[in-house]
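Commentary on secondary and tertiary structure
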Amino acid sequence: MDTYQVIDAPHITEKSGLQKSQANRISFKVHKHANKIEIRKAVETLFKVKVLDVRTVNVQGKKRRVGRHFGKRADWKKAIVKLAPGENIEFFEGL
């Protein structure tokens, strides 16, 4: 899988902001079929940081209703990446 296809977007929430400030962990939405090794290589290559640990979570899409029609949001995968002490990503500064 190509490096630019692995990481889809940053996942910014209150919880991810707390993890960033307390434990130097950053959350990303990643490709559904990406594994931990590919995620580690992609983060290290794109942001030029040292990654200590990668944890992944398969997030189930929520059921939604519009009128009498039911639907479901797409399932997606979240990666929580722990950076080495002293490392940071400029994109996430100030969050």
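Note on numbering: residues in each chain are counted from 1, in written sequence order. Thresholds applied to this predicted model are a pLDDT of at least 70 for local features of residues and 80 or more for the giving and counting of side-chain atom pairs; totals over whole chains, interfaces and linings are not thresholded and use all residues. Excluding hydrogens and water, the side-chain figures rest on all heavy atoms present in the structure.

Across its full length, the chain holds three helices and six strands. Going from N to C terminus, the chain has its helices and strands arranged as α-β-α-β-α-β-β-β-β. Judged by the C-alpha coordinates and their principal axes, the chain covers about 50 × 30 × 20 Å. Each residue's exposure class comes from its accessible area (1.4 Å probe, protein chains only) as a fraction of the maximum for that residue type: buried when under 20%, exposed when over 50%, partly exposed otherwise. Taken across its 95 residues, the chain has 29% of its residues classed as buried. We call two residues in contact when some of their heavy atoms are within 4.5 Å. Taking contacts inside the chain between residues at least 6 apart in sequence as the whole, the part at least 24 apart equals 60%. Across the chain, the centroid of the 21 positively charged side chains sits 11 Å from that of the 10 negatively charged ones. Note on conventions: DSSP H or I runs of at least 4 residues are helices, E runs of at least 2 residues are strands, and numbering of each starts at the N terminus. Counting rule applied: Lys, Arg positive; Asp, Glu negative; His and chain ends not counted. The atoms used to mark charge sites are NZ of Lys, CZ of Arg, CG of Asp and CD of Glu.

Our next topic: the sheet that holds strand S3 (residues 51-59). Ordered by their spatial adjacency, four strands build an open sheet running S1-S2-S6-S3, and the pairing between neighbours is antiparallel. Of all strands in the sheet, those with a lone pairing partner are strand S1 (7-10) and S3, marking the two edges. Across the sheet, the mean angle separating the axes of adjacent strands is 30° when strand polarity is ignored. Here an angle of 0 to 180 degrees is reported between the N-to-C directions of two axes, which are lines fitted to C-alpha atoms, with helices fitted over the stretch in contact. Those strands touched by helix H2 (residues 14-23) are strand S2 (25-30) and strand S6 (76-83), and its axis lies near 140° from that of S2. Packing against the sheet, helix H3 (residues 36-47) makes contact with S1, S2, S3 and S6, and its axis sits at approximately 125° to S3. Two strands make a pair as long as DSSP finds a minimum of two bridges between them.

What counts as a ring pair is set by centres within 6.5 Å for rings of Phe, Tyr and Trp (its six-membered ring), and what kind of pair is set by the plane angle: stacked under 30 degrees, edge-to-face over 60, tilted for all other angles. What the rule picks out here adds up to one aromatic pair. A ring pair is formed by Phe28 and Phe47, whose centres lie 5.8 Å apart and whose planes are at 20°; its orientation type is stacked. Of this pair, Phe28 sits in strand S2 while Phe47 sits in helix H3, and the two are 19 residues apart along the sequence. On the accessibility criterion, Phe28 (2% relative accessible area) is buried. The aromatic ring of Trp76 is capped on one face by Lys29, whose charged end is 5.0 Å from the ring centroid. We call a charge positioned over a ring when the NZ of a Lys or the CZ of an Arg lies within 6 Å of the ring centre and within 35 degrees of the ring normal.

Let's shift gears to H3. The end-to-end C-alpha separation of H3 is 16 Å, in line with the 16 Å expected for twelve residues at 1.5 Å each. Those residues of H3 that sit buried are Ile39, Ala42 and Val43. The arc that holds the buried residues of H3, viewed along the axis, is 95°, so those residues lie on one side. Facing away from the buried side of H3 by over 90 degrees, the exposed positions are Ile37 and Lys41. Any N or O atom pair separated by 3.5 Å or less is treated as a polar contact, with the protein-specific requirement of one donor-capable and one acceptor-capable atom, and with residues adjacent in sequence counted only for side-chain atom pairs. Regarding H3, its N-cap is Asn35, as a side-chain oxygen of that residue lies 3.3 Å from the backbone nitrogen of Ile37 further along. After H3 finishes, the residue Lys48 shows a positive phi value of roughly 55°. What a helix is expected to span follows from its residue count: subtract one and scale by 1.5 Å. The arc in question is the one traced by the directions running from the helix axis out to the C-beta atoms.

Further remarks concern unusual backbone geometry. Of note in this structure, Asn24 is not a glycine but carries a positive phi near 60°. For Asn24, the location among the structural elements is in the loop between H2 and S2. By relative accessible area, Asn24 is classed as buried at 15%. In the Ramachandran plot, Lys48 falls in the positive-phi region, its phi being about 55° despite a non-glycine side chain. You can see Lys48 is positioned in the loop between H3 and S3.

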